[in-house]
Amino acid sequence: MKMPSERQHTQKKLKFIAGKLIRGLSLLIGLSVLAFVLVRTSPVDPVLASVDYDMSLTDRQYQAIAEYWGLNEPPIRQYFRWLKNMLSGNMGESRIYRKPVAQIIRSRAGASFALMGISWVLSGLIGFLLGTAAAFKRGTFLDKGIKWLSYLQASVPAFWSGLIFLLIFAVELNLFPIGISAPIGVSRESVTFAERIHHLILPILTLSVLGIANVTLHTREKMIDVLSSEYVIFAKARGETIFQIFKNHALRNAAMPAITIHFSYFGELFGGSVLAEQVFSYPGLGLTLTEAGMKSDIPLLLGIVMIGAVFVFAGNLAADLLNAALNPYLREK
């Protein structure tokens with residue numbers, strides 16, 4: 001049987017990645033069209049929204065503002081003008097902030113990515129540990145409790161969890177602030193790292209809960225398969241301890257699938273961050289996206305949607321590449 005050469009392997013890898021990139025590009029274009037159509041058909045008047053709904057505007061002033069923002073042009077022309085500017089690196093100017101969209105995104109992205117990044121790592125670690133514990137204690141009260149908790153987490157919306165955490169830990173126990181990313185009345189330069197972490201704990205906790213269940217249940221099933229395998233049974237017969245079995249056999253075989261499925265969670269992560277930031281008034285991209293949608297700020301809305309789509313696509317691409325590395329058959333498709 002003739003084995004494929006290294007060059008053929010490289011070509012298949014490049015073809016696999018190129019196919020994913022083309023799909024991602026078509027996704028971005030389709031998503032931008034959908035977002036543009038939804039905002040254009042919303043009942044919000046973008047002209048009035050840009051002036052905080054000042055009803056004293058005359059018709060002449062109204063038309064002047066519409067002309068200034070290009071809102072009097074046909075929708076198709078508006079979209080292609082935005083697309084042309086976007087391809088040249090110009091995201092446009094926000095109508096509600098009167099600043100370049102790229103500048104606003106840069107100022108808010110750090111807070112959002114810190115929230116999502118820490119939550120993603122934390123949910124993955126907690127989920128893997130819970131899934132491992134449930135598998136090693138299969139059928140016990142601990143296993144049933146972890147499964148029940150996972151089903152509960154999977155069925156509870158992020159905003160509801162955020163409200164519960166806010167009510168218990170911020171209002172009743174007064175352990176954490178009710179929101180914002182820094183103490184009120186303190187300049188940005190005077191805020192310490194510890195204060196930022198203190199304000200970040202409840203949003204992180206809320207967003208972490210969203211991703212724990214999937215990793216827990218998936219890890220549990222994979223661990224059970226590994227522990228039921230012949231080589232683990234042979235390892236037990238040789239007298240290996242539970243820790244040795246976990247380190248030598250279970251960890252290696254269950255960790256990579258858990259990481260793979262956790263990368264595909266990026267889409268839910270970005271959507272959950274929008275809700276978490278709204279609940280805690282956390283000044284990130286999610287809160288800005290909501291405000292842009294409510295005030296029909298198309299340049300800002302589309303800019304954040306594109307950033308979010310790239311973020312989600314990057315996570316899905318990483319998951320696909322890991323899957324392809326684990327299962328070379330996927331590269332043949």
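In this report, the structure presented in the accompanying data block is examined. (Residues numbered from 1 in each chain as written. Predicted model: local features only at pLDDT ≥ 70, side-chain atom pairs only at ≥ 80, totals over all residues. Heavy atoms only, no water.)

### With respect to the packing of helix α7 (residues 158-172) against helix α8 (residues 193-227)
Alright, step 1. With their axes 9 Å apart at the nearest point, α7 and α8 run at an angle of 140° to one another. With respect to α8, the axis of α7 lies oblique. Taken as a pair, α7 and α8 cross one another with a handedness that is right-handed. Residue-level inspection shows Ala158, Ser161, Gly162, Phe165, Leu166, Phe169 and Ala170 of α7 in contact with α8, the latter providing Leu202, Leu205, Thr206, Val209 and Leu210.
Alright, step 2. Here the contact of α7 with α8 is composed, by residue class, of 9 nonpolar, 3 polar and no charged. (Axes fitted to C-alpha atoms, helices over the stretch in contact; angles between N-to-C directions. Helix = DSSP H or I, 4+ residues; strand = E, 2+ residues; numbered from the N terminus. Parallel < 35°, antiparallel > 145°, perpendicular 65-115°, else oblique. Left-handed = near helix turned anticlockwise from the far one by under 90°. Contact = heavy atoms within 4.5 Å. Nonpolar A, V, L, I, M, F, W, Y, C, P; charged D, E, K, R; others polar.)

### Considerations on the nonpolar core
Alright, step 1. Among the nonpolar cores identified, the biggest contains 35 residues, and Ile105, Leu269, Phe270, Leu300, Ile304 and Phe311 are the most heavily contacted of them.
Alright, step 2. Those elements that place two or more of their residues in this core are α1 (6-40), α4 (75-87), α5 (101-136), α8, α11 (266-280), α12 (285-294) and α13 (298-326).
Alright, step 3. Take this core: its biggest share by element is 9 residues, from α13.
Alright, step 4. Ile304 has contacts with Ile105, Phe270, Leu285, Thr288 and Leu289, leaving out every residue within four places of it along the chain.
Alright, step 5. Listed in part, the 12 residues of the second largest apolar core include Ala135, Val215, Met223 and Leu227. (Core = buried A, V, L, I, M, F, W, Y, C linked by side-chain atoms within 4.5 Å. Buried < 20%, exposed > 50% of the residue type's maximum accessible area, 1.4 Å probe, protein only.)

### A word on the pattern of salt bridges
Alright, step 1. Using the criterion set out here, one finds 5 salt bridges in the structure.
Alright, step 2. Notably, a salt bridge pairs Glu73 with Arg81, separated by 3.3 Å at the nearest N-O pair.
Alright, step 3. Given a relative accessible area of 24%, Glu73 falls into the partly exposed group.
Alright, step 4. Note that Glu291 and Lys295 form a salt bridge whose closest N and O atoms lie 4.0 Å from each other.
Alright, step 5. Relative accessible area serves as the criterion here: at 29%, Glu291 is assigned to the partly exposed category.
Alright, step 6. What makes Lys295 partly exposed here is its relative accessible area of 25%.
Alright, step 7. It is possible to trace a salt-bridge network through shared partners that takes in Asp143, Arg220 and Glu221. (Salt bridge = Lys/Arg side-chain N within 4 Å of Asp/Glu carboxyl O.)

### Quick look at the side chain of Glu240
Alright, step 1. Structurally, the position occupied by Glu240 is in the loop between α9 (230-237) and α10 (242-263).
Alright, step 2. Owing to a relative accessible area of 17%, Glu240 belongs among the buried residues under this scheme.
Alright, step 3. There is a polar contact of 2.4 Å between the side chain of Glu240 and the side chain of Arg238.
Alright, step 4. In this structure, Glu240 is in contact with Ala235, Ile245, Asn248 and His249, ignoring residues within four places of it in sequence. (Polar contact = N/O pair within 3.5 Å; in protein donor to acceptor, adjacent residues only side chain to side chain.)

### Some remarks on helix α3 (residues 59-69)
Alright, step 1. If you check which residues of α3 are buried, you get Ile65, Ala66 and Trp69. Summarising the axial view, the buried residues of α3 lie within an arc of 100°, below the 170-degree limit, and thus occupy one face. What points out from α3, more than 90 degrees from its buried face, is the exposed set Arg60, Glu67 and Tyr68.
Alright, step 2. Those residues of α3 that are buried are in contact with α2 (46-50) and α4.
Alright, step 3. Looking at the residues trailing α3, positive phi occurs at Gly70, about 75°. (Arc of directions from axis to C-beta.)

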